Amino acid sequence: MGTATASPALATLATARAGRTQRLIAGLVSLAFGAITLALLPFASWPIWPMPGFVPVYQSALIVVYGLTTYLFLTQYRRTRSGSLLVLGTGSLYVTLAVLLQLLSFPNVLAQGRILGSGPDTTTWLWTFWHLGPPLFALPYAIMEGDGRDRIVSPSRVGRVGLLAIAGTMAAAALTAVAVTRYVHLLPKSVEGDDYWLLTTSGVGPTVVALTVLALAVLCWTTRLRTVLQLWLAVSLLLLVFDNMVTLLGAARGTVGWFAGRLEALVAGFILLGVYLREVDFLYARAEAAADEREARRSELQLARDNLALALEAAEMGDWELDLRSGASRRTPRHDAIFGYRDPVETWGIETFLGHVLPEDRAMVRAALEGASGTERIDLHCRIKRAGDGATRWIALRGKAYRDGAGEVRTIAGIVMDTTQQHEAEERLNQAQKMEAIGQLTGGVAHDFNNLLTIIVGNPDMIVRKPDNAQRVERLATSAMTAARRGAEVTEKLLSFSRRQVLRPETINPNRLLNDFRALLQRAVGETVEVRLDLDASLDPVRLDPGQFESAVLNLVVNARDVMPGGGTLTVKTCNAHLDAGEIVGRPDLRPGAYVLVSVSDTGHGMDAGTLARAFEPFFTTKDVGKGTGLGLSQVYGFVRQAGGHAQIKSEVGRGTSVELYLPRSAEKAVESRPDGALPLRRAALGEVVLVVEDEPAVLEMAVESLGELGYRTLTATHAAQALGRLGGPERIDILFSDVVMPGGMNGVQLSVEARRLRPGLRVLLTSGYTGTALDDQGVPADLPLLSKPYQRDELANKLRIVLG
């Protein structure tokens, strides 16, 4: 038997609190019987007229009363598993058996003479033992209830403990019967004929009274009569005290005291039974009220369901519920209609649903459904194939998982909605936005490139017309080269914004790059701007393209310089940062986790809200005409997004601007510093042969010319099939130098794979200006060196140095 502090779900006589009305009624009953007892005490020994049949009727009534009370106590015990109620139930059972034994001891009641015992001593002692029953069982009940906790029997032991208690009680009653029949001569003499005065003078009667008073006092002290049962049990014990007092003073059968005592004992038995019956009436009334309330709530729930069904139907949503244990499901017709069924489907389960999901979305959907056991939420978008017409549709499915008492997911329920039209509308909107962006880009690119092409086309034209002036030729060629480089920078920035440029990421410590870059930053901002580096010594490494990072920082520094024409302070700060789910609300490009924060702050005039909203747009600039392309911040934004991070701007008018770059922390170790100083040109030393694969004749001619100047012998091919033919021949080829994007169905990456299969030791160098279309965003493998177009001879030499080791 254990202890528990939880109350039963439904209040009973044993647990319901005794209210003011209950206490008032109990007090009035006690006062009334106390007053009657005191009034009868002077007349207790007076004889009354004979009442034949009173004894069997009285004893039978007591047996019925205590028997019913026993049944109620034991029934309550089985329902609540309360050990305290089991004690009262067995006590009531003992009193019932004792009264039955006393009835059998009366002469000429159920048979001629006495069925039990041989004289009035047996009857008197049985009266004594049944009067001892209530206080002896009330005492342990009071002690058990004294601390306010319920003694709960474990469910597996309820029946066994109850049977053992009943068997013990019956054994105690049997021992009592043996004691008052076979060994009554050993017990104190308590009666002479019909005179019970010896019961008083022997001390047996006063002992019973004292024990009853003790039980009553302990019950009142320990329980404070908190519950209805405790209150009326105290009243019952008090009536037994009155019974003992008036009976002992009457001291004989057939007296006023004896008769009054019998009535008080009967009322004491009726007390608990009557209160129980009254409680049943209250329970019935509460049950009726609960039924009425339940019916009202059912009507409200049905109305709510009808309204919900109308709302779901209006929103073209289907309602569903699935029992994971039985496989039973509940669905609205709209649900099945979304999946292409005209008539409701007989059975529906998770596998049925997954059977409609397109294969490429199935793994994602299954993971979301399995994840519902942890999050209790289902929120997914996927494509399905409808039954019947086989059409592909987009659906949104939202639901919730419900657990049982053991914490296992029992059912899942939710709604499903066909979102195909919404997706199509979003695609049309995205297309419109793309077209608007393309229009804006076209204007910006055309403006910049027309200016640059004017220089690139005009200067060579002037050189061709007057090639004799060496200084003039050199000046014009240098100007054309500068314009070409500016064009390459514009192209690189456009690719960076669109996240299409080819990156060669390394695991580095940004602090090292910024320290190496400090002198250049200071030269870029001039003497009027103070450059401050606030670098966290414990900064985590990141994985990115060092050149792109330096370019991004330089763009930010140049922008900061332009907003501080009169001088100011530029601060470049680094630190570790951790973003949780709450901090990235509204940032769909970020995931919770560890980041490295690089911020560039200035003390310039700041941005207003309109400028801040458009700062990352390509070709948007607040600078004067000719002083900026509007691609600086867009290049920074594209670089950070391609690195898996996030860029944001904090700015207030008159209080400066801070551009923050959140870069994902890398778990790899940072690479060591790059060697200082320029590497010497790598020229051919052993007559190496380079196979150049390029479909553009002018580019092919320039590459062959550059390689010739570096001492390499060259072979050429204009497409992959021609290159494979040369590679399959006997000619010496040391290096494959191929464009990535070529006609003919095979790109440079695929060519390199086939080339190495034909010649396993072949070295490969690829070149390209843009690889996205050819490689379907898969990119160039990390083990293949890449030279970005446009390139100069020295850049080609450095790449060849790396390729040949």
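Residues numbered from 1 in each chain as written. Predicted model: local features only at pLDDT ≥ 70, side-chain atom pairs only at ≥ 80, totals over all residues. Heavy atoms only, no water.

**Student:** Could you clarify how one ought to interpret the packing of helix H19 (residues 697-709) against helix H23 (residues 793-804) in this entry?
**Tutor:** When two helices pack together, their arrangement is given by the angle between the helix axes and by the axis-to-axis distance. Put simply, H19 and H23 touch, their axes get as near as 10 Å, and they point 65° apart. In terms of their interaxial angle, H19 and H23 are classed as roughly perpendicular. In the packing of H19 onto H23, the handedness of the crossing is right-handed. Between H19 and H23, the residues in contact are Ser 706, Leu 707 and Glu 709 and Arg 793, Leu 796 and Leu 800, respectively. Among the residues forming the contact of H19 with H23, the class breakdown is three nonpolar, one polar and two charged. (Axes fitted to C-alpha atoms, helices over the stretch in contact; angles between N-to-C directions. Helix = DSSP H or I, 4+ residues; strand = E, 2+ residues; numbered from the N terminus. Parallel < 35°, antiparallel > 145°, perpendicular 65-115°, else oblique. Left-handed = near helix turned anticlockwise from the far one by under 90°. Contact = heavy atoms within 4.5 Å. Nonpolar A, V, L, I, M, F, W, Y, C, P; charged D, E, K, R; others polar.)

**Student:** Quick question: what am I supposed to make of the sheet that holds strand E17 (residues 735-739) here?
**Tutor:** Read from one edge to the other, the open sheet built from five strands follows the order E16-E15-E17-E18-E19, with strand pairing classed as parallel. Every interior strand has two partners, whereas the edge strands, strand E16 (713-717) and strand E19 (786-788), have only one. Pairs of neighbouring strands in the sheet enclose a mean axial angle of 20°, with direction left out of account. Both strand E15 (residues 689-693) and E17 contribute to a ladder of four bridges, which runs parallel. Considered in E17, the bridge of Leu 691 is made with Leu 736. On top of the sheet, H23 reaches E17, strand E18 (763-768) and E19; it is set at about 145° to E18, its chief contact. (Pairing = 2+ DSSP bridges.)

**Student:** Would you mind showing me how to read the pairing of E17 here?
**Tutor:** Across a regular strand the side chains alternate sides, sitting on one face of the sheet and then on the other. Burial analysis of E17 places five of its five residues in the buried class, which makes it a mostly covered element. Burial of the side chains of E17 extends over both faces: Ile 735, Phe 737 and Asp 739 are buried on one face and Leu 736 and Ser 738 on the other. With five bridges joining them, E17 and E18 adopt parallel strand pairing. Across the sheet, the residue bridging to Ile 735 is Arg 763, located in E18. For the crossover from E17 across helix H21 (residues 748-758) to E18, the handedness is right-handed. (Buried < 20%, exposed > 50% of the residue type's maximum accessible area, 1.4 Å probe, protein only. Right-handed = clockwise from strand over helix to strand, strands pointing away.)

**Student:** Help me understand the side chain of Gln 230 in this model?
**Tutor:** Within the element layout of this structure, Gln 230 appears in helix H8 (residues 228-250). In terms of polar contacts, Gln 230 uses its side chain to reach the side chain of Glu 145, at 3.2 Å. Once residues lying within four places of it in the same chain are set aside, the contact partners of Gln 230 are Tyr 141, Glu 145, Leu 219, Thr 223 and Leu 225. (Polar contact = N/O pair within 3.5 Å; in protein donor to acceptor, adjacent residues only side chain to side chain.)

**Student:** Please explain the sheet that holds strand E5 (residues 377-385) as it appears in this structure.
**Tutor:** Through backbone hydrogen bonds, the strands of a sheet pair up, either in parallel or in antiparallel fashion. One open sheet accounts for five strands, arranged E4-E3-E7-E6-E5; its pairing is antiparallel. Among the strands making up the open sheet, the edge pair consists of strand E4 (329-331) and E5. On average, each strand axis in the sheet is inclined to that of its neighbour by 20°, with strand direction left out of account. Sheet topology note: the E5/strand E6 (residues 392-403) ladder contains nine bridges and is antiparallel. Within the sheet, the bridge partner assigned to Lys 385 lies in E6 and is Thr 392.

**Student:** I would appreciate a short explanation of the environment of Gly 67 in the present structure.
**Tutor:** Looking at the secondary structure, you find Gly 67 in helix H2 (residues 54-80). Exposure remark for Gly 67: the relative accessible area of 26% places this residue in the partly exposed category. Taking the C-alpha atoms as reference points, Gly 67 and Leu 273, 206 residues apart in sequence, are found 9.8 Å from one another.

**Student:** Where do I start with H21 in this structure?
**Tutor:** One turn of an α-helix holds 3.6 residues; hence residues three or four places apart share an orientation. Listed in full, the buried residues belonging to H21 are Gly 748, Val 749, Leu 751, Ser 752 and Ala 755. Angularly, the buried residues of H21 cover 155° about the axis, an arc narrow enough to put them on a single face. Facing away from the buried side of H21 by more than 90 degrees, the exposed set consists of Val 753 and Arg 757. Where H21 begins, one side-chain oxygen reaches toward the backbone nitrogen of Val 749, 3.0 Å away; that side chain belongs to Asn 747. (Arc of directions from axis to C-beta.)

**Student:** Got a minute to help me understand the packing of aromatic side chains in this structure?
**Tutor:** The description of two aromatic rings rests on the distance between their centres and on the angle between their planes. For the structure on display, the rule yields ten aromatic pairs. Between Trp 125 and Phe 129 the ring centres are 5.9 Å apart and the planes differ by 40°, which places this aromatic pair in the tilted class. Separated by four residues within a single helix, Trp 125 and Phe 129 lie in helix H4 (residues 120-145), roughly one turn from each other. Between the aromatic rings of Tyr 341 and Trp 348, the centroid separation amounts to 6.3 Å while the plane-to-plane angle is 90°, which identifies the pairing as edge-to-face. Taking the relative accessible area as the measure of exposure, Trp 348 reaches 8% and is therefore buried. Through pairs of rings, three or more aromatic residues link up here, namely Phe 339, Tyr 341, Trp 348 and Phe 353. A cation over an aromatic ring shows up here: Lys 400 above the ring of Tyr 402, its NZ or CZ 5.7 Å from the ring centre. (Phe/Tyr/Trp six-rings, centres within 6.5 Å; stacked < 30°, edge-to-face > 60°. Lys NZ or Arg CZ within 6 Å of the ring centre and 35° of its normal.)

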